[in-house]
Amino acid sequence: MIFLKTDDQIELLRESNLLVGKTLACLVPLMLPGVTTLELDKRAEEFIRDNGAIPGFLGYNKYPNTLCVSVNSQIVHGIPSGYELKDGDIVSVDCGTIKNGFYGDSAYTFAVGEISIEIQNLLRVTKECLYLGIKQAVAGNRIGDISYAIQSHAEANGFSVVRELVGHGIGKALHEKPEVPNYGRRGTGMKLKSGLTIAIEPMINMGKRDVKQSDDGWTISTLDNLPSAHFEHTIAVRQGEADILSSFEFIEKEIKKLN
Ligand code: MF3
Ligand code: CO
């Protein structure tokens, strides 16, 4: 079942998704050596509740926290813990909210201190993959056009695409139809219609694409232990150009303040 949203519903989704962007931004000043990933989680939960919303991941399929915090070779679904961030780490933070009954879902990969040029490239290319995918998310195109744009850009830069996890429809449920893979062929898959709301979330590895799952039942990491990056936006499909409902603007404004 595919749910197309009304304009009013899309505005509610925007509200929830902008709150995710602001929540991620409030973590920027904490991205320092010695800060634990559980401290990030506590700050995010407090911020979300202070803004009249509920953490979207907490309790979802029994997930124990507000954030997924995945460091270095961890790809996604890292559980916040006593791990202390250190200089040179990359930290993928995925955050969800529920406000007015609609989900927000967005993710950003942060750098702690100085990171190598290779890892800077991984972050840049993964974010480019996200925006190239979004560019294809217009009415009349197909899911495969998004997938192909992401895969071809990642692979042209010598990186690999995780296949076990995909983007998804989003609305009153965190995960709705359709699935949005980050690999695939142009002109294949479901045709996109105005009012379709989806989360696009490339997970791109520096080395091979293979993954492993941790004994904690959640954390997904690269099999070769090389770094991985993850950026995610929730968007509404429209005629001509997608409407990006989440935002990295708050985050990037905070990052600029530090530099
Ligand atoms: N952005 C992720 C997703 O869309 C986050 C879900 S994690 C969970 O799948 F904890 F909520 F399961
Ligand atoms: Co998602």
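Residues numbered from 1 in each chain as written. Chains lettered and ligands numbered in written order. Predicted model: local features only at pLDDT ≥ 70, side-chain atom pairs only at ≥ 80, totals over all residues. Heavy atoms only, no water.

## Examining the site of ligand 1
1) Next: In the vicinity of ligand 1 there are 13 residues, among which Tyr 63, Asp 94, Asp 105, His 168 and His 175 approach most closely.
2) Next: Here a nitrogen atom of ligand 1 and a side-chain polar atom of Glu 232 are 3.1 Å apart.
3) Next: The site holding ligand 1 turns out to be the second largest pocket.
4) Next: Its residues placed into classes, the shell around ligand 1 shows six nonpolar, three polar and four charged. (Near = heavy atom within 4 Å. Polar contact = N/O pair within 3.5 Å; in protein donor to acceptor, adjacent residues only side chain to side chain. 1 Å grid on protein atoms, 1.4 Å probe; cavity = no way out; pocket = protein on both sides within 12 Å on 5 of 7 lines; lining within 4 Å. Sits in = over half its atoms within 2 Å of the grid points. Nonpolar A, V, L, I, M, F, W, Y, C, P; charged D, E, K, R; others polar.)

## Quick word on the nonpolar core
1) Next: Among the nonpolar cores identified, the biggest contains 54 residues, and Leu 24, Leu 27, Val 93 and Ile 200 are the most heavily contacted of them.
2) Next: Listing elements by their share of this core, those giving two or more residues are α1 (7–27), α2 (37–50), β2 (67–71), β4 (90–99), β5 (102–111), α3 (117–136), α4 (143–156) and β9 (197–200).
3) Next: At seven residues, the largest contribution of residues to this core is made by α3.
4) Next: With sequence-adjacent residues up to four places away left out, Leu 24 is seen in contact with Val 93, Cys 95, Ser 106, Ala 107, Tyr 108, Phe 110 and Ile 251. (Core = buried A, V, L, I, M, F, W, Y, C linked by side-chain atoms within 4.5 Å. Buried < 20%, exposed > 50% of the residue type's maximum accessible area, 1.4 Å probe, protein only. Helix = DSSP H or I, 4+ residues; strand = E, 2+ residues; numbered from the N terminus. Contact = heavy atoms within 4.5 Å.)

## Some words on the packing of α1 against α2
If you want to describe how two helices pack, look at the angle between their axes and the distance between the axes.
1) Next: Two elements in contact, α1 and α2, have axes separated by 9 Å at closest approach and are oriented at 140 degrees. It follows that α1 is oblique to α2 by the angle criterion. For the element pair α1 and α2, the recorded crossing hand is right-handed. Each of Leu 19, Lys 22, Thr 23, Cys 26 and Leu 27 in α1 lies in contact with α2, whose residues at this interface are Leu 40, Arg 43, Ala 44, Phe 47 and Ile 48. (Axes fitted to C-alpha atoms, helices over the stretch in contact; angles between N-to-C directions. Parallel < 35°, antiparallel > 145°, perpendicular 65-115°, else oblique. Left-handed = near helix turned anticlockwise from the far one by under 90°.)

## Focus on the environment of Cys 26
1) Next: Mapped onto the secondary structure, Cys 26 falls in helix α1.
2) Next: It is 24 Å that separates the C-alpha atoms of Cys 26 and Ile 10, two residues lying 16 residues apart in sequence.
3) Next: Those residues within four positions of Cys 26 in sequence are excluded, and the remaining contacts are Arg 43 and Phe 47.

## Here we look at the layout of surface pockets
Take a probe with the size of a water molecule and roll it over the atoms, and the empty space left behind shows itself.
1) Next: In this structure, the largest pocket spans a volume of roughly 550 Å³.
2) Next: Considering the residues around the largest pocket, the lining is formed by 19 residues, among which Phe 110, Ala 111, Gly 113, Ile 255 and Asn 259 are closest to the centre.
3) Next: Taken together, the elements giving at least two residues each to the lining of the largest pocket come down to β5, α3 and α5 (249–258).
4) Next: Its residues assigned to classes, the lining of the largest pocket shows 11 nonpolar, four polar and four charged. (Points joined across faces, edges and corners; volume = space filled by probe spheres on them.)

## Overview of unusual backbone geometry
Trans is the prevailing form of peptide bonds, just as negative phi is the prevailing case for residues other than glycine.
1) Next: The peptide bond linking Lys 177 to Pro 178 adopts the cis configuration, its omega dihedral lying at -5 degrees.
2) Next: Mapped onto the elements of the fold, Pro 178 is located in strand β8 (residues 176–180).
3) Next: Positive phi values are uncommon outside glycine, yet Lys 62 reaches one of about 65 degrees.
4) Next: By the secondary structure assignment, Lys 62 is in the loop between β1 (54–55) and β2.
5) Next: One non-glycine residue, Asn 100, adopts positive backbone phi at about 55 degrees.
6) Next: Looking at the element boundaries, Asn 100 is found in the loop between β4 and β5.

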